[in-house]
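# Examining the three-dimensional arrangement
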Amino acid sequence: MAADRPDEDDSRPERTPAADATSETATGQDATGQEATAQDATAQDATEAVEPRYSPALIATAVALPVVLVAGIIVAAVIARNMPVEREPLALGPVPAPAADGPACAALLPALPDELGDYTVATLVEPAPPATKAWQPEDEGEPIVLRCGLDRPLEFNRASPLQIVNDVRWFEVREETAKTSTWFAVDRETYIALTVPDGTGPTPLQEVSDAVTATVAPRELDPGPLPN
């Protein structure tokens, strides 16, 4: 006769409804936490996908580019300022100059400087008057004009005041309307006129006087008679 089976061990604790509820709650919390973590990771991935990441080199280039552009503009402005300005040829009307083709004017014109202070030699509209040279300022303004081989100026007489500049005797004729002075060299073998606008200073008359002294022979004064 088989031995009776021993009774099953009833020592295992029975799962109460409360314990089952607690277990289910914990399991639910774990599942909810895992789901929340997964959602946060998905949101972070989405944020990283929306917000691009720029390399330091690209950021440095973006910062430096405006500086380079500004520097380029400044350099271009300096170059443009230093470049010679294209000026229109200067038109000069003719005046009586019977000795313009003589040896005195032929010697003087090449000896004149291309710069008189802030004025540089001008291109004349052809046909230009003979034995004539002009200079223009860098900006807009009236030119300096020299004419050689002229007749004796009507205003020059025995009472006319003279000014000596570098051994040349000059006689001044003012033009108040035009704000200019025309200086006539009256002690040379031919009459020479230098017209200068107001405000040019003494440099043009001094440098032209040097050229006149070096190339045109002096002669005795020959003023006109005193006016009645």
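Given the structure is predicted, the values throughout are model-derived calculations rather than measurements.

What counts as what
- Residues numbered from 1 in each chain as written.
- Predicted model: local features only at pLDDT ≥ 70, side-chain atom pairs only at ≥ 80, totals over all residues.
- Heavy atoms only, no water.
- Pairing = 2+ DSSP bridges.
- Helix = DSSP H or I, 4+ residues; strand = E, 2+ residues; numbered from the N terminus.
- Contact = heavy atoms within 4.5 Å.
- Axes fitted to C-alpha atoms, helices over the stretch in contact; angles between N-to-C directions.
- Buried < 20%, exposed > 50% of the residue type's maximum accessible area, 1.4 Å probe, protein only.
- Polar contact = N/O pair within 3.5 Å; in protein donor to acceptor, adjacent residues only side chain to side chain.
- Phe/Tyr/Trp six-rings, centres within 6.5 Å; stacked < 30°, edge-to-face > 60°.
- Lys NZ or Arg CZ within 6 Å of the ring centre and 35° of its normal.
- Disulfide = S-S within 2.5 Å.

## Brief notes about the sheet that holds strand E7 (residues 180–185)
- Strand order in this open sheet of eight strands is E1-E2-E3-E4-E8-E7-E6-E5, and the pairing throughout is antiparallel. Looking along the sheet, the strands with just one partner apiece sit at the ends: strand E1 (115–116) and strand E5 (163–165).
- Bridge analysis of E7 against strand E8 (residues 191–197) gives six bridges, and the strand direction is antiparallel. Bridging from a neighbouring strand, Ala-185 pairs with Ile-192 of E8.
- Across the sheet, helix H4 (residues 203–215) touches E1, strand E4 (144–150), E5, strand E6 (168–175), E7 and E8, and the angle it forms with E6 is around 140°.

## Section: the side chain of Thr-182
- Mapped onto the elements of the fold, Thr-182 is located in strand E7.
- The buried category is assigned to Thr-182, whose relative accessible area is 16%.
- Of note is the side chain of Thr-182, whose polar atom sits 2.9 Å from the side chain of Thr-195.
- Discounting residues that sit within four places of it in the chain, Thr-182 has contacts with Phe-171, Glu-172, Val-173, Ala-193, Leu-194 and Thr-195.

## A few points about the packing of aromatic side chains
- Tallying each qualifying case throughout the model produces one aromatic pair.
- Taken together, a centroid distance of 5.6 Å and an interplanar angle of 40° make the contact between Phe-156 and Phe-171 tilted. Taken as a pair, Phe-156 in the loop between E4 and E5 and Phe-171 in strand E6 lie far apart in primary sequence, 15 residues in all.
- The ring of Tyr-191 is capped by Arg-219, whose NZ or CZ atom sits 4.9 Å from the centre of that ring.

## A short note on the state of the cysteines
- Per the counting criterion, the structure on display carries one disulfide.
- Disulfide pairing places Cys-105 opposite Cys-148 at an S-S distance of 2.1 Å. Residues Cys-105 and Cys-148 share a disulfide whose torsion about the S-S bond is about -90°; that sign makes it left-handed. Taken together, the residues Cys-105 in helix H3 (residues 103–111) and Cys-148 in strand E4 connect sequence positions 43 residues apart.
- Judged by its relative accessible area of 3%, Cys-105 falls in the buried class.

## What to know about the environment of Asp-187
- Within the secondary structure, Asp-187 is located in the loop between E7 and E8.
- By relative accessible area, which is 4% here, Asp-187 ends up buried.
- Sequence-distant contacts of Asp-187, defined by excluding residues within four places in its chain, comprise Asp-167, Val-168, Arg-169, Ala-217, Pro-218, Arg-219 and Leu-221.

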